[in-house]
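Here's the letter readout for the chains.
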Amino acid sequence: MEAVLARPSAKSYQFLSFIRKRSDAVAEISRDLNREVKRISPKYFYDERGSRLFEQITATEDYYVTRAENEILVERAQEIADLIGEDCALIEPGCGNCSKVQYLLSALRPTLYMPIDISTPPLQKAARHLVNRFPWLNCTAINADFCDLSFVPTLIGEQRRVVFYPGSTIGNFEPADAVNFLKAVRDIVGSEGGLLIGVDLEKNAATLDRAYNDREGITADFNLNVLHHLNRIAGSSFSVDSFEHLAFYDSRKNRVEMHLRSIADQTVEFAGSTLNFSAGETIHTENSYKYSTESFSALAAEAGFIRAQTWYDSKHLFSMHYFVADDTYNSNQ
Ligand code: AVJ
């Protein structure tokens, strides 16, 4: 049961799409596959099956990330809400199934919730579920690649803005790109706003290797599924059985790398070009950078954020930070 309404509800629900043309996506993927070191952007993991497989990963014993973060959100929801304050517009880039915000909504009561995700049917389903569960909620769901947040200000009025970015999704960016993304976030939230962000902590290699090589093999299916997705959107000829999942922690770079390794010499037709693979060659599909509280605070400082508070789960596996805008920050420096 939801708590009694604190103020009259003015619920509204909108679903807006800013999805690019499929041909743009295929051109981008083709560029990445024709590089010297072949790669695929991790955003292409999340077709319908990929989104489902990711949810299954979060339920495995070996992938501790989601459990640890959910523990923080459950235990600290009221504290987090008190720190963020009343009447904010809450924006969530890459919301997935919107599972995490549900721990915050009753305590926070934002005036607007704006989930943003690239994956259309999962976003529709998640947003509908949310407005049913929280009937007082104003929700504007945005179907878009969240790397470009420029449409946000025109859709939100003068309300104070807070970005919610859980899941350690920030870890998928190269550190320099993470700074640029956080600068864009800083521009959107302005000097009065905030950033609530979940960041996976540096830890021993064994724990990380296990988290990205779960014993049920779901991470392997998730990684390989990107080739099915490409075959569908680009009409390419990847033989998925001829690749294998590879994931390992590189402690020097503080990141888990995921790759798809070709198990034979082979050629693949992709959007008019022929890709040659030698046996053992890999396609780099994901980096997941891990940070300490200090290293992440330093990175966020480069984007004009000051850390106000950090919460950890009981095993100290994961961190949730609340950052506020640094008034003295000059983006031209
Ligand atoms: C949702 C991007 C944070 O990097 O840990 C899970 C995705 N990849 N298992 C991560 C993922 C392999 C996940 N993020």
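The structure presented is a predicted model; accordingly, all values stated were derived computationally and were not measured.

Draft legend 1. The arrangement of the overall build of the chain in detail. What the chain contains, in helices and strands, is 10 helices and 13 strands. For a compact globule of 333 residues, the expected C-alpha radius of gyration is about 20 Å, and the chain comes in at 20 Å, within 12% of that figure. When the backbone C-alpha atoms are referred to their principal axes, the chain occupies close to 65 × 45 × 40 Å. Relative to its 333 residues, the chain shows a buried fraction of 54%. Surface exposure of the chain reaches about 15000 Å², of which carbon and sulfur atoms provide 48%.

Draft legend 2. Looking closely at the site of the ligand. Taken together, Y46, F54, Y63, G167, S168, T169, N172, Y212, F222, M258, E286 and S288 make up all the residues around the ligand. Here Y212 contributes a side-chain N or O atom positioned 2.5 Å from an oxygen atom of the ligand. A distance of 2.7 Å is found between a nitrogen atom of the ligand and a side-chain nitrogen or oxygen belonging to E286. Surface burial for the ligand is 95%, taken as the share of its 350 Å² of free accessible area covered by protein chains. Residue composition of the shell around the ligand, grouped by class: six nonpolar, five polar and one charged.

Draft legend 3. Representation of the side chain of D32 within the structure. With respect to the secondary-structure elements, D32 resides in helix α1 (residues 22-33). By relative accessible area, D32 is classed as buried at 12%. With residues near it in sequence (within four places) discarded, D32 still touches V37, K38, R39 and S41.

Draft legend 4. Here's a closer look at the sheet that holds strand β12 (residues 305-312). With mixed pairing, the eight strands of this open sheet are ordered in space as β1-β4-β3-β2-β5-β6-β13-β12. Every interior strand has two partners, whereas the edge strands, β1 (13-17) and β12, have only one. Mean inter-strand twist for the sheet, computed between neighbouring axes without regard to direction, equals 20°. In this sheet, strand β4 (residues 139-143) lies alongside β1 in parallel orientation, the contact comprising five bridges. Looking at the pairing, L16 lines up with I142 of β4. Packing of helix α10 (residues 293-302) onto the sheet brings it into contact with β6 (194-200), β12 and β13 (318-325), and relative to β12 it is tilted by some 150°.

Draft legend 5. Highlighting the confidence of the model for the chain. Across the chain, pLDDT averages 94, with 96% of residues at or above 70. This stretch, residues 1-8, has a pLDDT under 50; its non-local contacts, to residues over four places away or in other chains, come to 12 contacts.

Draft legend 6. Spotlight on the sheet that holds strand β11 (residues 282-289). Sheet architecture is open: three strands sit in the order β7-β8-β11, paired in antiparallel fashion. Of all strands in the sheet, those bounded by a partner on one side alone are β7 (243-250) and β11. For this sheet, the mean angle separating the axes of adjacent strands, direction not counted, is 20°. Examined bridge by bridge, strand β8 (residues 255-262) and β11 share seven bridges and lie antiparallel to one another. Looking at the pairing, L260 lines up with I283 of β11. Along the sheet face, helix α9 (residues 218-234) touches β7, β8 and β11 and points at about 60° away from the line of β8.

Draft legend 7. Inspection of the packing of aromatic side chains at higher detail. According to the stated counting rule, one finds 20 aromatic pairs in the structure shown. Aromatic ring contacts, followed pair by pair, group F45, Y46, F54, Y63, Y212 and F222 into a single cluster. One cation-aromatic arrangement involves K38 over F277; the distance from NZ or CZ to the ring centre is 4.8 Å. Here the guanidinium or amino end of R109 rests over the ring plane of W136, the centre of that ring lying 4.0 Å away.

Draft legend 8. Quick look at the packing of helix α7 (residues 175-189) against α10. Where α7 meets α10, the closest approach of the two axes is 8 Å, and the angle between their N-to-C directions is 55°. Comparing the axis directions of α7 and α10 gives the class oblique. For the pair α7 and α10, the crossing hand works out as right-handed. Residue-level inspection shows P175, A178, V179, L182 and K183 of α7 in contact with α10, the latter providing F296, L299, A300 and E302.

Draft legend 9. Molecular detail of the pattern of salt bridges. Under the defined criterion, the tally for this structure stands at 16 salt bridges. Close ionic contact of R20 with E28 constitutes a salt bridge, the shortest N to O distance being 3.8 Å. Its relative accessible area of 38% is what places R20 among the partly exposed residues. What you see here is one network of salt bridges that share partners, running through R20, E28, K43 and D145.

Draft legend 10. Spatial organisation of the environment of I218. Its place among the elements puts I218 in helix α9. According to the relative accessible area criterion, I218 is buried, its value standing at 10%. Each C-alpha atom of the pair I218 and D326 lies 41 Å from the other, and the pair is 108 residues apart in sequence. In contact with I218, not counting residues within four places along its chain, are L53, Q56, I57 and T60.

Parameters at a glance
Per chain, residues are indexed from 1 in the order of the written sequence. With the structure being a predicted model, the display of local features is reserved for residues of pLDDT at least 70 and the display and counting of side-chain atom pairs for 80 or more, all residues being used for whole-chain, interface and lining totals. Only hydrogens and water are set aside when side-chain values are computed; all heavy atoms of the structure are taken into account. Put simply, DSSP marks the helices as runs of H or I at least four residues long and the strands as runs of E at least two long, and each gets a number from the N terminus on. This radius of gyration counts C-alpha atoms alone. The globule rule is 2.2 Å times how many residues there are, raised to the power 0.38. Buried means the residue's accessible area, taken with a 1.4 Å probe over protein chains only, is under 20% of the maximum for its type, while exposed means over 50%, and partly exposed covers the values in between. Here the accessible surface of atoms and residues is derived via Shrake-Rupley with a 1.4 Å probe, and residues count as covered only by protein chains that are part of the display. The rule for a residue being near a molecule or strand is that one of its heavy atoms must lie within 4 Å of it. Each polar contact in these results corresponds to two N or O atoms within 3.5 Å; when the atoms are within protein, one needs to be able to donate a hydrogen and the other to accept it, and residues that are neighboring in sequence are counted only if both atoms are side-chain atoms. As a working rule, the residues Ala, Val, Leu, Ile, Met, Phe, Trp, Tyr, Cys and Pro are called nonpolar, Asp, Glu, Lys and Arg charged, and the rest polar, with Gly in that last group. Any pair of residues with heavy atoms lying within 4.5 Å of one another is described as a contacting pair. Whether two strands pair depends on DSSP finding at least two bridges between them. Note on definitions: angles span 0 to 180 degrees between N-to-C directions of axes, and those axes are lines fitted to C-alpha atoms, for helices only across the stretch in contact. Per residue, pLDDT measures the predictor's confidence, with a range of 0 to 100. Centres within 6.5 Å are what make two rings of Phe, Tyr or Trp a pair, Trp counting through its six-membered ring; a difference in plane orientation under 30 degrees is then read as stacked, over 60 as edge-to-face, and the rest as tilted. Two conditions define a charge sitting above a ring: the NZ of Lys or the CZ of Arg must be within 6 Å of the ring centre, and it must be within 35 degrees of the ring normal. Throughout, the term roughly parallel applies to angles under 35 degrees, roughly antiparallel to angles over 145, roughly perpendicular to angles from 65 to 115, and oblique to all others. Each crossing is labelled by how the near helix is turned from the far one, with a counterclockwise turn of less than a right angle marking it left-handed and a clockwise turn marking it right-handed. Salt bridge, as used here: a side-chain nitrogen of Lys or Arg that lies within 4 Å of a carboxyl oxygen of Asp or Glu.

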